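What the coordinates show
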Amino acid sequence: MDSEGSICGIQCLMLVDTGANVTLLRTDLAQKLKEQLIYTAPNISLKTATGEKTEIRGKLDASIECGSRKFHHRIYVADITDPCILGLDFLKKFNFTIDLEKNEIRTGGEEIPLFSASVQHLKSCSVLAKRRTIIPARSECLIQGVPEVSEQFRYAVTDFPSQVSQKGVLVAAALVDLEREAIPVRVLNLNNKPKILDEGAVIATCEPVVDIVVRPQEFSGEQHLPSSLDNLEILDEGQRTAVRKLLKEFQNLFST
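Heads up: these notes are all about the structure in this document. (Residues numbered from 1 in each chain as written. Predicted model: local features only at pLDDT ≥ 70, side-chain atom pairs only at ≥ 80, totals over all residues. Heavy atoms only, no water.)

**Quick word on the packing of aromatic side chains**
Which entries qualify depends on this criterion: Note on aromatic pairs: the rings of Phe, Tyr and Trp (six-membered ring only in Trp) are paired at centre separations within 6.5 Å, and the planes decide the class, stacked below 30 degrees, edge-to-face beyond 60, tilted for the rest.
Applying the stated criterion across every chain, the model contains five aromatic pairs. Grouping aromatic residues by their ring pairs yields a cluster made of Phe-71, Phe-90, Phe-94 and Phe-96.

**Considering a nonpolar patch on the surface**
Filter applied, for reference: What goes into a patch is any residue over 30% in relative accessible area without a salt bridge, connected to like charges within 9 Å or, for nonpolar side chains (Val, Leu, Ile, Met, Phe, Trp, Tyr), within 5 Å. Every accessible area reported is derived by Shrake-Rupley at a probe size of 1.4 Å, with residue values counting cover from the shown protein chains alone. Each salt bridge in this description consists of a side-chain nitrogen of Lys or Arg and a carboxyl oxygen of Asp or Glu lying within 4 Å of one another. Helical segments are the DSSP runs of H or I of at least four residues, strand segments are the runs of E of at least two, and each set is numbered from the N terminus. Burial here depends on accessible area, computed with a 1.4 Å probe over protein chains only, as a share of the maximum for the residue type. Under 20% is buried, over 50% is exposed, and the range in between is partly exposed.
Together, Phe-160, Leu-170 and Leu-190 make up an exposed nonpolar region whose accessible area comes to about 250 Å². Within the secondary structure, Leu-170 sits in strand β16 (residues 169-171). Judged by its relative accessible area of 43%, Leu-170 falls in the partly exposed class.

**Comments concerning the environment of Pro-161**
Looking at the secondary structure, you find Pro-161 in the loop between β15 (155-159) and β16. Between the C-alpha atoms of Pro-161 and Thr-205, which are 44 residues apart in sequence, the distance is 5.5 Å.

**Side note on the pattern of salt bridges**
Per the counting criterion, the structure on display carries eight salt bridges. Between Arg-106 and Asp-99 there is a salt bridge whose closest N-O contact spans 3.3 Å. The exposure class of Arg-106 is partly exposed, given its relative accessible area of 28%. A salt bridge links Lys-130 to Glu-181; the nearest nitrogen and oxygen atoms lie 3.6 Å apart. Pair noted here: Lys-130 is in the loop between β12 (125-129) and β13 (133-135) and Glu-181 is in the loop between β17 (175-177) and β18 (183-189), with a separation of 51 residues, a long-range link.

**Considering the state of the cysteines**
The condition is simple: Criterion for a disulfide: a pair of cysteine sulfur atoms at a distance within 2.5 Å.
Enumeration over the complete set of coordinates arrives at zero disulfides. Not part of a disulfide, Cys-84 finds its nearest cysteine sulfur in Cys-12, a span of 5.1 Å. Owing to a relative accessible area of 0%, Cys-84 belongs among the buried residues under this scheme. Cys-125 supplies the cysteine sulfur nearest to Cys-206, a cysteine that is in no disulfide, at a spacing of 4.8 Å.

**A short note on the sheet that holds strand β14 (residues 139-147)**
To keep it simple, the criterion reads: Between any two strands, pairing holds if DSSP finds at least two bridges. Axis geometry follows a simple rule: fit a line to the C-alpha atoms, using only the stretch in contact for helices, then measure angles between N-to-C directions, giving values from 0 to 180 degrees.
If you trace the seven strands from one edge of the open sheet to the other, you get β16-β18-β14-β12-β20-β15-β17, paired in antiparallel fashion. With one partner strand each, in any of the chains shown, β16 and β17 form the two edges of the open sheet. Across the sheet, the axes of successive neighbouring strands diverge by a mean angle of 45°, strand direction being ignored. Here β12 runs beside strand β20 (residues 202-209); their pairing, made up of four bridges, is antiparallel. The residue bridging Cys-125 from the neighbouring strand is Cys-206, located in β20.

**Structural notes on the pairing of strand β11 (residues 110-113)**
Only one face of β11 is covered, namely the one carrying Glu-110 and Ile-112; the face carrying Glu-111 and Pro-113 has none of its residues buried. For strand β10 (residues 104-107) and β11, the ladder comprises four bridges, and the chain directions are antiparallel. Across the sheet, residue Thr-107 finds its bridge partner in β11, namely Glu-110. Following β10, the chain reverses through two residues before pairing antiparallel with β11; Gly-108 in that reversal takes a positive phi of roughly 55°.

**Thoughts on the nonpolar core**
Put simply, the test is: In plain words, nonpolar cores are sets of buried Ala, Val, Leu, Ile, Met, Phe, Trp, Tyr and Cys residues tied together by side-chain atoms within 4.5 Å. Should any heavy atoms of two residues lie within 4.5 Å, those residues are considered in contact.
Grouped together as the largest cluster of nonpolar side chains are 26 residues, with contacts concentrated most on Ile-7, Met-14, Leu-25, Leu-60, Ile-64, Phe-90 and Phe-96. At the level of elements, β2 (10-16), α1 (27-30), β6 (53-66), β7 (69-78), β8 (84-86) and α2 (88-93) are the ones that each hand at least two residues to this core. Each residue touching Met-14, except ones within four places of it in the same chain, is listed here: Met-1, Asp-2, Ser-3, Glu-4, Gly-5, Ser-6, Ile-7, Ile-64, Glu-65, Cys-66, Cys-84 and Leu-86. Membership of the second largest hydrophobic core comes to 19 residues, among which are Val-171, Val-176, Leu-178 and Ile-203.

The following block contains the structure:
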């Protein structure tokens, strides 16, 4: 399973491999970091998962970005197929745990999604109406949908379908979990007449999502309220204090 990240600022996919004793970087990527690369004599080799031997061509002390954090670790350079392999040395040093059931690795309270590299090449899939639905004229509603092709990927963003039959209907973009029994799709009927969506009709498309990183925003109780709240004369100072407390308590739910 892979994770998205970077090595010394170079974006790449990183294979999480507990069977690898050391962390490796592919030779062509290491060439971009010549100033940091320490070349070694070709007298050290390693055995790959297929049983083949490959030589260690060098090493470097790298900054590895995984999730929202950066880690400093020594990695070795070799002619490998994957751009980067995060080995057991890296996972142990920074106390990573692997959850194969949820397809994620965790460290320091952060959950970092893992995915198969083949997901990168997946195309979007259609979302079909679960049952016949009538959308009233010039109104919006939430429709239950199901993916046309299941088990391609778990998380996706809903988008507007290109089918001609859906002219006059807008679809809200939203992050959805395809493992749920039904996918909620919010649609808006711009027509002056009701819109009928038959069971099995295409109501949206789903674009695969392979990386979800939560970066909590800090909120200080000393911060001023947004101007839209400061200008509300109906709020006295006590109520404004209560609003500040509410915003701080639910800081991860509010946009700042």
